[in-house]
Amino acid sequence: MIEGKRSAAQAALGEVRDGQILGIGTGSTVAIFIEMLAERVKKDGLRVMCVPTSYQSAHLAIERGLKLTTLEEYSTLDLAVDGADEVDRNLNLIKGGGAALTREKIVDSAAKRFVVIADESKLVERLGSRSPVPIEVIPMSWKRVANMVKVLGGEARLRDGGDRKDGPLVTDNGNFILDVKFGEIDDPRALEFELKRIPGVVEVGLFVNMANAAYIGSERGVKLIERKS
Ligand code: 5RP
């Protein structure tokens, strides 16, 4: 699995050019990408600046000597590189396993090109077959949102901060996460739309029609899935 993550990260690194403004996602695969990017910056003197999608990624990037910037300074990014919990063959995604889905959606959608890096275990025929859909919610609304997603066929669980006794996980935006099991999803676009209409929902971890390409890594190498249009 780690080899797959490494080879996917390495392949995405091949897309980075001098002078670019980069969006950097969150998660263990992106952490590998950040390490590789920092090494390349040191070795080749690349001048890149990064917009992070979480405190986790920001801290790692700073620690490794990468320069950070913001969407206030650069509202369009050249390239965003991010992980995923599920990727289907149309490049639709489930994201939010690392609770950073809202900032990820903002940053990934601001990029001219958005590339996913994942090991092959993330590739699915249909979204929802393995992972729940994470939904970021305003804390006071969580119970009501959980009840309302039931009507849409979802079974919601409030994500805890690692251990149940720690209480709910709090996102970088001060919100809660509901992990909602839907089973296999027929129409991710329609479901995203329905979920976003529920008051209290900040963002939904369904990324439909956003990614331009995905590097799927395994011990056997990397497969590139590229959007056709
Ligand atoms: C964080 C995410 C991550 O990109 C996703 O959970 C994949 O993480 P990993 O690379 O650790 O498997 O969406 O919100």
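Residues numbered from 1 in each chain as written. Predicted model: local features only at pLDDT ≥ 70, side-chain atom pairs only at ≥ 80, totals over all residues. Heavy atoms only, no water.

Enquirer: Which parts of the structure should I look at to understand the site of the ligand?
Expert: What surrounds the ligand is a group of 16 residues, the closest being S28, T29, D85, G96 and K122. At 2.8 Å from an oxygen atom of the ligand is found a main-chain nitrogen or oxygen belonging to T26. For the ligand, an oxygen atom lies 2.5 Å from a polar atom in the side chain of T29. With respect to the detected pockets, the ligand is housed in the largest pocket. Across the shell around the ligand, the residue classes tally to three nonpolar, eight polar and five charged. (Near = heavy atom within 4 Å. Polar contact = N/O pair within 3.5 Å; in protein donor to acceptor, adjacent residues only side chain to side chain. 1 Å grid on protein atoms, 1.4 Å probe; cavity = no way out; pocket = protein on both sides within 12 Å on 5 of 7 lines; lining within 4 Å. Sits in = over half its atoms within 2 Å of the grid points. Nonpolar A, V, L, I, M, F, W, Y, C, P; charged D, E, K, R; others polar.)

Enquirer: Explain the domain arrangement of the chain to me, please; I cannot follow it from the model alone.
Expert: Domain boundaries in the chain define domain 1 (2–124 + 208–226) and domain 2 (133–204). One C-alpha centre belongs to domain 1, the other to domain 2; they are set 24 Å apart. The interface is formed by 14 residues belonging to domain 1 together with 15 residues belonging to domain 2. Taken together, the two surfaces of domain 1 and domain 2 that pack against each other cover about 1300 Å², and 55% of this comes from carbon and sulfur. A per-residue breakdown of the area domain 1 buries against domain 2 is headed by L101, K105 and V208, which together make up 39% of the total. (Domains from an automatic or database assignment. Contact = heavy atoms within 4.5 Å. Buried area = accessible area lost by both parts, 1.4 Å probe.)

Enquirer: Any chance you could explain the pattern of salt bridges here in plain terms?
Expert: Pairs can form between side chains of opposite charge whenever their charged atoms are close. What the rule picks out here adds up to 22 salt bridges. Its salt-bridge partner being E192, residue R189 comes within 3.7 Å of it at the nearest N-O pair. Of this pair, R189 and E192 are both found in helix α6 (residues 188–196), three residues apart, which corresponds to roughly one turn of the helix. What makes R189 partly exposed here is its relative accessible area of 42%. Several salt bridges converge on common partners, so that one network encompasses K105, R189, E192, K196 and E203. (Salt bridge = Lys/Arg side-chain N within 4 Å of Asp/Glu carboxyl O. Helix = DSSP H or I, 4+ residues; strand = E, 2+ residues; numbered from the N terminus. Buried < 20%, exposed > 50% of the residue type's maximum accessible area, 1.4 Å probe, protein only.)

Enquirer: How should I be thinking about the nonpolar core in this particular structure?
Expert: Nonpolar side chains in soluble globular proteins tend to end up buried together. With 27 residues, the main nonpolar core has V16, F33, L37, L66 and I117 as its most contacted residues. Looking at this core, the elements with two or more residues in it are α1 (2–13), β1 (21–24), α2 (28–44), α3 (55–63), β4 (77–82), β7 (111–119) and β13 (213–218). For this core, the element with the highest residue contribution is α2, accounting for eight residues. Those residues in contact with I117 that sit more than four places away from it in its chain are A8, A9, A12, T29, V30, F33, V81, D82, G83, A84 and Y215. (Core = buried A, V, L, I, M, F, W, Y, C linked by side-chain atoms within 4.5 Å.)

Enquirer: How should the side chain of T171 be read in this particular structure?
Expert: Mapped onto the secondary structure, T171 falls in the loop between β9 (155–158) and β10 (176–181). Since its relative accessible area comes to 7%, T171 is described here as buried.

Enquirer: Can you walk me through the layout of surface pockets in this structure?
Expert: A probe as big as a water molecule, rolled over the atoms, marks out the empty space that is left. Roughly 220 Å³ of internal volume is contained in the largest pocket. Surrounding the largest pocket, 16 residues form its lining, T26, G27, A84, D85 and K122 being those nearest its centre. If you tally residues by element for the lining of the largest pocket, the top one is α2, at three residues. For the lining of the largest pocket, a count of residues per class yields three nonpolar, eight polar and five charged. (Points joined across faces, edges and corners; volume = space filled by probe spheres on them.)

Enquirer: Help me out: how do you make sense of unusual backbone geometry in this one?
Expert: Leave glycine aside and you will find that most residues have negative phi; peptide bonds, for their part, are mostly trans. Phi angles above zero are rare outside glycine, and L91 is one such case at about 65 degrees. Among the structural elements, L91 can be located in the loop between β5 (86–87) and β6 (93–94). Overall, the relative accessible area of 1% leaves L91 in the buried class. Positioned with a positive phi, N209 is a non-glycine residue whose angle comes to about 60 degrees. The residue N209 is located in the loop between β12 (206–207) and β13 in this model. Looking at N209, the relative accessible area reads 48%, which means it is partly exposed.

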